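# Geometric and topological summary
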Amino acid sequence: MWHIYCQRASGKVLFDMVCSHLNLIEGDYFGLEFQHRRKMSVRPKHTVLRFVVKFFPPDHAQLIEELTRYLFALQIKYDLATGRLPCNDASAALLVSHIIQSEIGDFEETQCRQHLLNHSYIPDQMALIDKIMEFHHKHMGHTPAESDFQLLEIARRLEMYGIRLHPAKDREGTKLSLAVAHTGILVFQGHTKINAFNWSKVRKLSFKRKRFLIKLRPDLSQSTYQDTLEFLMGSRDCCKVFWKICVEYHAFFRLFEEPKPKPKPIILSRGSSFRFSGRTQKQVIDYVKETEFKKIPFLRKHSKVHLFLIIRLVNKSSPAKNWKVHALHNVFYTQQIASCMSGERTDSPSKRNWKELALISAEDSAALRIQGNPTALQNGQEERPGLGAEEGRGTRPAGRQPTELLIMSHGLVNGQSQGDGCGQSPNGRQPSPLTSPLLNDMGAVRTDDEDEARRKRFPTDKAYFIAKELLTTERTYVKDLEVITSFQGMLEKEEATPDSLKTVILSNFDPLYKFHSGFLREVEQRLALWEGRSNAHIKGDYQRIGDVMQKNIQGLKQMTAALQKHSEVLLEVENACRASRKLEGLCCDFELQKVCYIPLNIFLLRPLHRLLHYKQILERLCKHYPPTHGDFRDCRAALADMSEVVSQLQGSMIKMENFQKLLELKKDLIGVDNLAVPGREFIRLGCLSKLSGKGLQQRMFFLFNDVLLYTSRGMTSTNQFKVHGKLPLRGMTIRESSDEWGVPHAFTLVGQRQSVVVAASSLSEMEKWMEDLKMAASLADKTNGPSSELLASSLSDIKTLEDSALEPESEDDLSASRTSLERQAPPRGNTTVHVCWHRNTSVSMLDFSIAVENQLSGNLLRKFKNSNGWQKLWVVFTNFSLFFYKTCQDDYPLASLPLLGYSATIPTESENIHKDYVFKLHFKSHVYYFRSESEYSFERWLEVIRSATVSSCRNPRRKDPHAF
């Protein structure tokens with residue numbers, strides 16, 4: 001329970017505290033409301049505010065966070081229970097089936113029937129129990145998040161979704177109801193919509209006393225035109241409240257940014273000065289996209305711990321004018337079903353009906369002020385109402401009569417105990433993964449004295465730091481091999497695993513893991529001697545690494561034959577997953593584990609990538625040593641052997657990287673089944689704006705050597721991208737057209753059947769796309785590549801270009817197909833594709849190839865922009881991201897930072913970073929400082945990070961210039 005004493009705070013302060021309490025970023029869709037019976041100024045002694053959905057978007061895929069969708073699902077549950085969301089029996093049964101799947105998990109007949117007998121979700125539920133159970137049986141395997149998504153998907157298609165009726169009459173006295181939605185103003189008779197006025201047709205909204213006026217724009221297509229429509233409402237207050245709701249809905253859904261307030265008149269003012277204040281929907285979406293680090297995931301299991309958020313405003317002396325809370329248009333108590341982190345499924349201890357709990361009246365709500373017995377409500381007991389004014393409260397200054405705000409919670413939010421203040425950020429929000437517990441300002445802080453002592457204790461030769469890079473990256477590599485051996489153990493226990501897959505994994509990875517574990521021990525021992533932990537360093541016998549590498553590369557050469565067959569592993573895994581649905585599910589589940597911090601297919605290619613790293617390290621050593629150095633001969637011999645191994649595996653390595661990327665993209669796309677076909681090669685993916693009749697719309701483009709696909713974020717819980725259309729490259733021409741369309745960085749793709757105009761986010765992005773498109777189109781004309789015909793998946797047929805031009809692509813499209821009720825793929829919200837989508841950038845296959853070569857691990861000191869101390873972290877750079885660990889022994893990262901779109905620079909004098917070897921990462925308002933231990937490591941970190949943050953020009957390096 002929170003006690004906040006405030007006398008002159010505004011309602012916004014209260015609302016911000018609620019959003020902070022819930023750890024809610026997309027709070028702009030919600031609001032606080034109160035309801036009073038007499039429609040008069042609120043001056044009661046006790047006022048209860050409710051946390052409700054305020055704006056209902058047409059597409060819940062626009063709600064980016066799972067917590068937001070969960071709260072929307074709670075609103076739907078309440079509307080169903082109270083009859084505010086009427087629907088036919090089939091829809092009602094289907095909605096309830098998703099609700100109970102979220103609450104109690106997979107279908108079990110006895111448990112399901114008993115649960116429905118004890119809990120009422122809709123009026124007249126008893127008649128539909130069998131139908132509900134029939135639907136529930138079909139939802140096997142759905143997680144609570146997937147169930148919430150399906151619930152919203154069905155609810156948003158109902159005519160009364162998000163509708164709040166306001167009684168009115170027309171000029172003839174006919175009883176009607178008015179409502180407002182994202183599209184405009186609606187007129188209902190009963191629960192039937194009889195008219196709608198789109199925002200584009202409305203010229204002005206106003207009210208005079210009890211009359212609500214809608215002034216329309218002229219319609220030249222109609223012979224009879226009525227300029228103004230008039231409706232009579234119950235009172236002036238009712239009329240004004242509805243007018244304010246309309247103003248807010250119009251601004252939130254139609255405007256790009258918050259409207260600026262008009263200047264106050266000096267002498268007289270006419271009309272209301274009310275204006276919408278807050279972020280618009282576009283600003284909310286942009287803000288969440290630009291927020292770099294994901295918040296703590298909204299973790300739930302099928303637990304029945306209830307959380308109630310009840311806000312009680314207790315005003316002892318001052319009138320309600322000290323609290324400026326806008327009266328909205330809906331009432332309910334928020335019931336949150338959270339989960340314990342331990343997560344065993346438990347039955348609800350509550351013996352009170354959910355509907356009864358939700359419908360507690362304002363007069364009875366004093367019984368919910370549970371202070372001395374926090375389990376009373378959960379056990380179905382009620383505290384004695386009217387607790388004394390001083391019970392359960394802290395002391396307060398004498399002579400003051402403040403307003404008291406109490407927020408009662410029981411249970412968990414996001415898996416975190418709200419009663420425990422540990423790990424909370426100063427503003428009260430639950431910390432995000434990059435601020436808890438690893439990257440907050442708490443923890444070990446390095447001092448200058450420690451740094452100076454360390455520099456004196458350890459060697460300063462560049463060869464030592466090159467050898468240390470070998471050590472740190474080898475530690476990460478052995479950890480990655482442990483992930484593969486864990487995957488191997490899972491496959492061996494599964495009966496569905498083909499013997500061929502078991503054999504190829506066992507024969508490839510077991511010998512590699514044993515070999516590299518021994519190699520790691522030798523490197524650790526050599527570095528320990530080099531650092532002077534024995535007297536051997538005095539003679540200089542161990543200040544070298546070439547002999548260790550030469551010896552072990554000889555052993556690695558003997559495994560070349562096995563490494564040449566390593567590409568078979570990827571093919572075997574893919575074929576086995578296609579043949580067995582169960583095995584495919586196991587692989588997906590394994591990929592969701594914390595240890596699998598990058599895609600599983602990348603782990604399987606790690607042994608081939610590691611050979612490139614050895615070659616680079618040896619090249620740097622040979623470049624550093626003079627020919628007369630004692631270690632030069634061993635390093636040169638080792639480099640010759642490693643170059644021979646790499647040249648033998650080069651061809652299969654390039655093919656497997658392309659195949660791995662096609663398989664990864666297949667998981668991100670909806671509407672394509674046979675993406676990974678022989679001859680198809682990936683070239684570039686990224687975000688472009690497509691020009692259509694509705695203006696510029698953000699789309700994700702995927703360029704291959706035979707076809708260009710354009711997609712949008714699909715309406716599924718997996719955050720996949722739905723294919724809208726395809727452009728074959730054969731015969732395509734590309735021309736710049738910024739002046740033609742008046743759009744910066746625009747260019748036109750002229751295909752054989754249709755032209756498409758797109759715009760890039762910058763000049764450099766436009767140049768990259770045009771260069772790759774021209775080269776790919778030129779090669780497509782000269783070669784016989786794969787057919788550009790892509791088979792449609794079971795979800796939807798891909799339309800031809802002529803059809804796709806007619807396909808509604810805007811957010812107002814309400815006729816999209818429902819998602820499948822079968823088992824869905826795991827959510828994919830952190831892949832490279834999604835990073836490009838959120839940061840409006842692109843990445844090519846060449847960038848992926850360079851990133852494979854530029855992998856790095858080691859300790860860094862990190863500092864936030866406004867923090868003081870430096871905290872030591874173990875950092876791994878791979879797959880365009882930094883992964884943060886507490887120590888190198890940790891099995892999985894605690895946080896990650898995708899680097900696409902970031903800039904890596906050196907701090908300026910004005911930033912007051914008076915340290916050596918410091919570099920800065922910044923993207924918009926996000927700034928992070930990292931400090932390395934030596935000049936060599938500083939240069940290496942900048943080199944590899946810039947390889948991810950700055951796209952390369954077309955200089956293929958180890959790839960054939962005409963690879964695609």
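For the chain, the name recorded in an unreviewed UniProt entry is FERM, ARHGEF and pleckstrin domain-containing protein 1, with Denticeps clupeoides as its organism.

### Section: the overall build of the chain
The helix and strand inventory of the chain stands at 26 helices and 31 strands. Of all 964 residues assigned to the chain, the portion counted as buried reaches 55%. Counting contacts in the chain only where the partners sit at least 6 residues apart, residues at least 24 apart contribute 69% of the total. Carbon and sulfur atoms make up 51% of the accessible area of the chain, which amounts to about 43,600 Å² in all.

### Considerations on the sheet that holds strand β28 (residues 895–898)
Here we have seven strands laid out as an open sheet, ordered β28-β27-β26-β25-β31-β30-β29, and antiparallel in their pairing. Of all the strands in the sheet, just β28 and β29 (903–905) have a single pairing partner and so form its edges. Mean inter-strand twist for the sheet, computed between neighbouring axes without regard to direction, equals 35°. Relative to strand β31 (residues 926–931), strand β30 (residues 918–923) runs antiparallel, the two being bridged by six bridges. Of the residues in β31, the one forming a bridge with Phe-919 is Phe-930. Helix-sheet contacts for helix α11 (residues 462–493) involve β25 (856–864) and β26 (871–878), and the interaxial angle to β25 is about 95°.

### Section: the packing of helix α3 (residues 89–104) against helix α4 (residues 109–118)
Each packed pair of helices is defined by two parameters, the angle between the axes and the distance between the axes. For the pair α3 and α4, the least separation of the axes is 11 Å and the interaxial angle reads 110°. When the axis of α3 is compared with that of α4, the two are roughly perpendicular. In this structure, α3 uses Val-96, Ile-100, Glu-103 and Ile-104 to contact α4, whose residues at the interface are Gln-111, Cys-112, His-115 and Leu-116.

### Regarding the packing of aromatic side chains
Aromatic ring pairs are described here by two measures, namely the spacing of the ring centres and the angle between the planes. By the definition in use, this model includes 32 aromatic pairs. Each ring, one from Tyr-29 and one from Phe-72, has its centre 6.0 Å from the other, and the planes form 75°; the classification is edge-to-face. In this pair, Tyr-29 is assigned in the loop between α1 (11–22) and β2 (30–33) and Phe-72 in helix α2 (residues 66–82), connecting sequence segments 43 residues apart. Side by side, Tyr-29 and Phe-72 carry an identical accessibility label, which is buried. Taking 5.2 Å as the distance between ring centres and 15° as the angle between the ring planes, the aromatic pair formed by Phe-30 and Phe-51 counts as stacked. Of the two residues, Phe-30 is situated in strand β2 and Phe-51 in strand β3 (residues 46–53); the sequence distance between them amounts to 21 residues. Note on Phe-51: relative accessible area 2%, which makes it buried. The cationic tip of Lys-661 hangs over the ring face of Phe-848; the distance from NZ or CZ to the ring centre is 3.6 Å. One Lys or Arg, Arg-839, reaches over the ring of Phe-923 and ends 5.3 Å from the middle of that ring.

### Brief notes about the pairing of strand β10 (residues 228–233)
Burial along β10 is one-sided: the face carrying Leu-229, Phe-231 and Met-233 is buried and the face carrying Thr-228, Glu-230 and Leu-232 is not. Relative to β10, strand β9 (residues 211–216) runs antiparallel, the two being bridged by five bridges. In the sheet register, Phe-212 faces β10, and the bridge partner there is Phe-231.

### Structural notes on unusual backbone geometry
Across residues other than glycine, the phi torsion is negative in most instances, and most of the peptide bonds are trans. The residue Asn-23 is not glycine, and still its phi comes out positive at about 60°. Following the sequence through the fold, Asn-23 ends up in the loop between α1 and β2. Positive phi outside glycine occurs at Lys-924, with the angle close to 55°. Position of Lys-924 relative to the elements: it lies in the loop between β30 and β31.

### What to know about the environment of Pro-498
Turning to its location among the elements, Pro-498 is positioned in the loop between α11 and α12 (499–530). Exposure remark for Pro-498: the relative accessible area of 29% places this residue in the partly exposed category. C-alpha separation for the pair Pro-498 and Ala-579, spaced 81 residues apart in sequence, amounts to 9.6 Å. Setting aside chain neighbours within four positions, we find Pro-498 in contact with Ala-576 and Leu-583.

### Details of the environment of Ile-553
Structurally, the position occupied by Ile-553 is in helix α14 (residues 546–557). Its relative accessible area of 4% is what places Ile-553 among the buried residues. Separated by 34 residues in the primary sequence, Ile-553 and Phe-519 place their C-alpha atoms 9.7 Å from one another.

### Points about a negative patch on the surface
Together, Glu-736, Asp-739, Glu-767 and Glu-771 make up a negatively charged patch on the protein surface. With respect to the helices and strands, Glu-736 occurs in strand β21 (residues 733–736).

### Some remarks on the pairing of β25
For β25, the buried fraction is high: eight of the nine residues fall into the buried class. Sheet analysis places β25 next to β26, joined by seven bridges and oriented antiparallel. The residue bridging Arg-862 from the neighbouring strand is Gln-871, located in β26. Hairpin geometry of β25 and β26 is characterised by an intervening segment of six residues between the two adjacent antiparallel strands.

### Overview of the pattern of salt bridges
Enumeration according to the criterion identifies 33 salt bridges in this entry. Here Glu-522 makes a salt bridge to Lys-551, at a shortest N to O gap of 3.3 Å. Pair noted here: Glu-522 is in helix α12 and Lys-551 is in helix α14, with a separation of 29 residues, a long-range link. Looking at Glu-522, the relative accessible area reads 24%, which means it is partly exposed. You can call Lys-551 exposed: its relative accessible area is 54%. Bridged by salt links that share partners, the residues Glu-469, Arg-620, Arg-940 and Glu-943 form one connected network.

### Observations concerning helix α17 (residues 581–591)
Considered for burial, the residues of α17 that qualify are Leu-583, Gly-585, Cys-587, Phe-590 and Glu-591. Close packing links the buried residues of α17 with α11, α12, α16 (567–579), α18 (600–604) and α20 (632–668).

Rules used throughout
- Residues numbered from 1 in each chain as written.
- Predicted model: local features only at pLDDT ≥ 70, side-chain atom pairs only at ≥ 80, totals over all residues.
- Heavy atoms only, no water.
- Helix = DSSP H or I, 4+ residues; strand = E, 2+ residues; numbered from the N terminus.
- Buried < 20%, exposed > 50% of the residue type's maximum accessible area, 1.4 Å probe, protein only.
- Contact = heavy atoms within 4.5 Å.
- Areas by Shrake-Rupley, 256 points an atom, 1.4 Å probe, with all protein chains shown as cover.
- Pairing = 2+ DSSP bridges.
- Axes fitted to C-alpha atoms, helices over the stretch in contact; angles between N-to-C directions.
- Parallel < 35°, antiparallel > 145°, perpendicular 65-115°, else oblique.
- Phe/Tyr/Trp six-rings, centres within 6.5 Å; stacked < 30°, edge-to-face > 60°.
- Lys NZ or Arg CZ within 6 Å of the ring centre and 35° of its normal.
- Patch = residues over 30% accessible without salt bridge, like charges linked within 9 Å, V, L, I, M, F, W, Y side chains within 5 Å.
- Salt bridge = Lys/Arg side-chain N within 4 Å of Asp/Glu carboxyl O.
- Lys, Arg positive; Asp, Glu negative; His and termini not counted.
- Charge placed at Lys NZ, Arg CZ, Asp CG, Glu CD.

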